[in-house]
Amino acid sequence: MNSCSFDFDRIIDRRGTGSMKYEKVGECCGADDIMPMWVADMDFATPPFVMRALERCMSHRILGYTCGCDPYYESIVNWCRGHYGWNISKEQINYIPGVVSGIFLAVQCLTEKSDRILIQDPVYHPFHIVPETTGRLVVRNSLVRTDDGFDVDIDALRRDLEGCKLMILCNPHNPVGICWSRDILVKVAEICYELGVIVVSDEIHCDMVLGGRKHIPFASVSEKAREIAITLQSPSKSFNMPGVVCAQMIIQNDVLREKMFNYVHGSDMDMGNAFAFECASACYTPEGDEWRNAMLEYISGNVQALKEELQPVSDKIKVIEPKASFLVFLDCRALGYAEGCAYQRFFAEKCRIGVNPGDMFGPGGLGYMRINIACPRSQVREAANRIVAAVRSLKD
């Protein structure tokens, strides 16, 4: 099934629906009457099988306390085996409200105030917000710029991990779109195992790998990785259902799992809402795979459309082509602004587009912008044309 079988070109008016992307764009980006391409959800219709799952839940007529039953766990087990070749069991899975909640729970359970937690910036901003607001010390292991994106400096990583209790890994990486190779993940596992560092692996974009690539779960690459890994997943990004509030924590080490799952249960954070389990189970099916594959094909087309339309100003705005996700990092350093807010003003005031400034993901992101292209292609082309016109106006 290809993307033509689904209507990703349809424009859905989300204003007035409580959508964060639309209602808060002025507060975040400085103007209300701009094209919002910042919050990481899709402007595509949530898949029909998710909507049917919601209807089934509503038809019960009682929105009572809800728990995960065998079909929920089996859907995750089967999905991980079929898509990643990763064998897990029902007992190794626990519901959590979201991936950021999972990071918070791991930080609280496994570290103390003033403990060191390593992140690799530029990276999703809650990676530093959660440790900092809980009194931990954030160690920034900055990714290094390459000709076509970013990479990790393994030697620097080893040095920076000394004395750390946790590493928060983004796999695939947001915002720079890296799909980490098995070789890199094995090296990370070896270093962290040797130093006694637990790895919390945020894999929320695992089902959005582009170009025929295959996601590699961190915990699957070696026995050492398996022993130190806390894997966080969710169907929310890939199937456009973040408002349902549903994710899973997977831990294979028996001792670590008992400690972590007991903490999650004691925090009352494993009590799913009335819709979560049914919706997640609906996603992890052949029907879910059909829609997901079509969506990824469409996103790949959007990436190419963005590159084509921005080609006339590629000396000023370079597209870092993502290997995963619908989030694209734009290298705008040639515009020459000294502060991230200046880049954001350029996009809001000159381009009339709301995007995320790269430095919100860490100092290494200064001069970059993150744009969300999970929207109809006509809007991607319109946004790119606005950028081209704005850049050209600077030269006039």
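Note that the structure is a prediction, hence the values are computed from the model and not measured.

About the cut-offs
Residues numbered from 1 in each chain as written. Predicted model: local features only at pLDDT ≥ 70, side-chain atom pairs only at ≥ 80, totals over all residues. Heavy atoms only, no water. Phe/Tyr/Trp six-rings, centres within 6.5 Å; stacked < 30°, edge-to-face > 60°. Helix = DSSP H or I, 4+ residues; strand = E, 2+ residues; numbered from the N terminus. Buried < 20%, exposed > 50% of the residue type's maximum accessible area, 1.4 Å probe, protein only. Pairing = 2+ DSSP bridges. Contact = heavy atoms within 4.5 Å. Axes fitted to C-alpha atoms, helices over the stretch in contact; angles between N-to-C directions. Core = buried A, V, L, I, M, F, W, Y, C linked by side-chain atoms within 4.5 Å. Salt bridge = Lys/Arg side-chain N within 4 Å of Asp/Glu carboxyl O. Expected span 1.5 Å × (residues − 1). Arc of directions from axis to C-beta. Polar contact = N/O pair within 3.5 Å; in protein donor to acceptor, adjacent residues only side chain to side chain. Left-handed = near helix turned anticlockwise from the far one by under 90°. Nonpolar A, V, L, I, M, F, W, Y, C, P; charged D, E, K, R; others polar.

Draft legend 1. Looking closely at the packing of aromatic side chains. For the structure on display, the rule yields 21 aromatic pairs. Arranged with centres 5.3 Å apart and planes meeting at 40°, the rings of Phe-8 and Tyr-298 form a pair that is tilted. Residue Phe-8 is located in the segment before α1 (20-23), and its partner Tyr-298 is located in helix α12 (residues 286-310); the two are separated by 290 residues in the primary sequence. Like Phe-8, the residue Tyr-298 is buried in the burial classification. Seen in terms of ring centroids, Trp-79 and Phe-239 are 6.2 Å apart; in terms of plane orientation they differ by 70°. Their pairing is edge-to-face. Residue Trp-79 is found in helix α4 (residues 70-84), and its partner Phe-239 is found in the loop between β9 (229-233) and β10 (247-250); the two are separated by 160 residues along the sequence.

Draft legend 2. Up close: the sheet that holds strand β15 (residues 368-372). Strand order in the open sheet formed by 4 strands is β11-β12-β15-β14, with antiparallel pairing between adjacent strands. At either end of the open sheet lies a strand with only one pairing partner, and these are β11 (318-320) and β14 (356-357). Along the sheet, helix α13 (residues 340-351) makes contact with β12 (327-331), β14 and β15, crossing β15 at roughly 45°.

Draft legend 3. Examining the sheet that holds strand β4 (residues 137-140) more closely. If you trace the 7 strands from one edge of the open sheet to the other, you get β2-β10-β9-β8-β7-β3-β4, paired in mixed fashion. At either end of the open sheet lies a strand with only one pairing partner, and these are β2 (93-96) and β4. Averaged over all adjacent pairs, the angle separating strand axes in this sheet is 25°, with direction ignored. Note: β9 against β10, 3 bridges, orientation antiparallel. Across the sheet, Gln-233 pairs through a bridge with Gln-248, a residue of β10. Seen against the sheet, helix α6 (residues 126-133) touches β3 (116-119), β4, β7 (164-170) and β8 (198-202) and runs at an angle of roughly 150° to β4.

Draft legend 4. Layout of the pairing of β2. Residues Ile-93 and Tyr-95 line one face of β2 and the alternating positions Asn-94 and Ile-96 line the opposite face, and both faces are buried. Examined bridge by bridge, β2 and β10 share 4 bridges and lie antiparallel to one another. When the sheet's bridge partners are listed, Ile-93 is paired in β10 with Ile-250.

Draft legend 5. Region of interest: the nonpolar core. Core analysis: the largest hydrophobic core is formed by 103 residues, its most contacted members being Met-167, Phe-218, Ile-230 and Met-260. Not counting residues within four places of it along the chain, the set of residues in contact with Phe-218 comprises Leu-169, Asn-171, Leu-185, Val-188, Ala-189, Val-199, Ser-201, Glu-203, Ala-225, Ile-228 and Ala-229.

Draft legend 6. Layout of the pattern of salt bridges. The final tally for this structure, using the stated rule, is 23 salt bridges. We note a salt bridge from Asp-41 to Arg-14, for which the minimum N-O separation is 2.9 Å. You can see Asp-41 sitting in the loop between β1 (35-36) and α3 (48-59) and its partner Arg-14 sitting in the segment before α1, a full 27 residues away along the chain. Pair check on accessibility: Asp-41 and Arg-14 agree, each one buried. One salt bridge connects Arg-226 with Glu-227, and the closest N-O pair in it is separated by 3.5 Å. The class of Glu-227 is partly exposed, set by a relative accessible area of 26%. One connected set of salt bridges, linked through shared partners, spans Arg-14, Lys-21, Asp-41 and Asp-43.

Draft legend 7. Expanded view of helix α14 (residues 377-395). Taking 1.5 Å of rise per residue, the 19 residues of α14 would be expected to cover 27 Å, and the 28 Å separating its terminal C-alpha atoms lies within 8% of that figure. Of the positions making up α14, those classed as buried are Gln-379, Val-380, Ala-383, Ala-384, Ile-387, Val-388, Ala-390 and Val-391. Turning to α14, the residues buried within the fold contact β1, α12, α13 and β13 (353-354).

Draft legend 8. The arrangement of helix α7 (residues 154-161) in detail. Within α7, the full set of buried residues consists of Ile-154, Ala-156, Leu-157 and Leu-161. Taken around the axis of α7, the buried residues stretch over an arc of 155°, which confines them to a single face. Summarising the geometry of α7, the exposed residues directed more than 90 degrees from the buried face are Asp-155 and Arg-159. Contacts from the buried residues of α7 go to β3, β7 and α8 (182-195). After α7 finishes, the residue Gly-163 shows a positive phi value of roughly 85°.

Draft legend 9. Looking closely at the side chain of Ser-75. Tracing the chain through its elements places Ser-75 in helix α4. By relative accessible area, Ser-75 is classed as buried at 7%. Within the local environment of Ser-75, its side chain forms a polar contact with the backbone oxygen of Tyr-72, the two atoms lying 2.6 Å apart.

Draft legend 10. Representation of the environment of Arg-158. Locating Arg-158 in the fold gives a position in helix α7. In this structure, the C-alpha to C-alpha distance between Arg-158 and Asn-141, residues 17 residues apart in sequence, is 9.5 Å. Excluding its chain neighbours within four sequence positions, the residues that come into contact with Arg-158 are Ile-191, Glu-194 and Leu-195.

Draft legend 11. Expanded view of the packing of α4 against helix α11 (residues 276-283). Where α4 meets α11, the axes come as close as 9 Å, and the angle between the chain directions of the two elements is 30°. Of the two elements, α4 crosses α11, and the hand of that crossing is left-handed. Of the residues in α11, those in contact with Pro-71, Tyr-72, Ser-75 and Trp-79 of α4 are Phe-277, Ala-280, Ser-281 and Cys-283. Among the residues forming the contact of α4 with α11, the class breakdown is 6 nonpolar, 2 polar and no charged.

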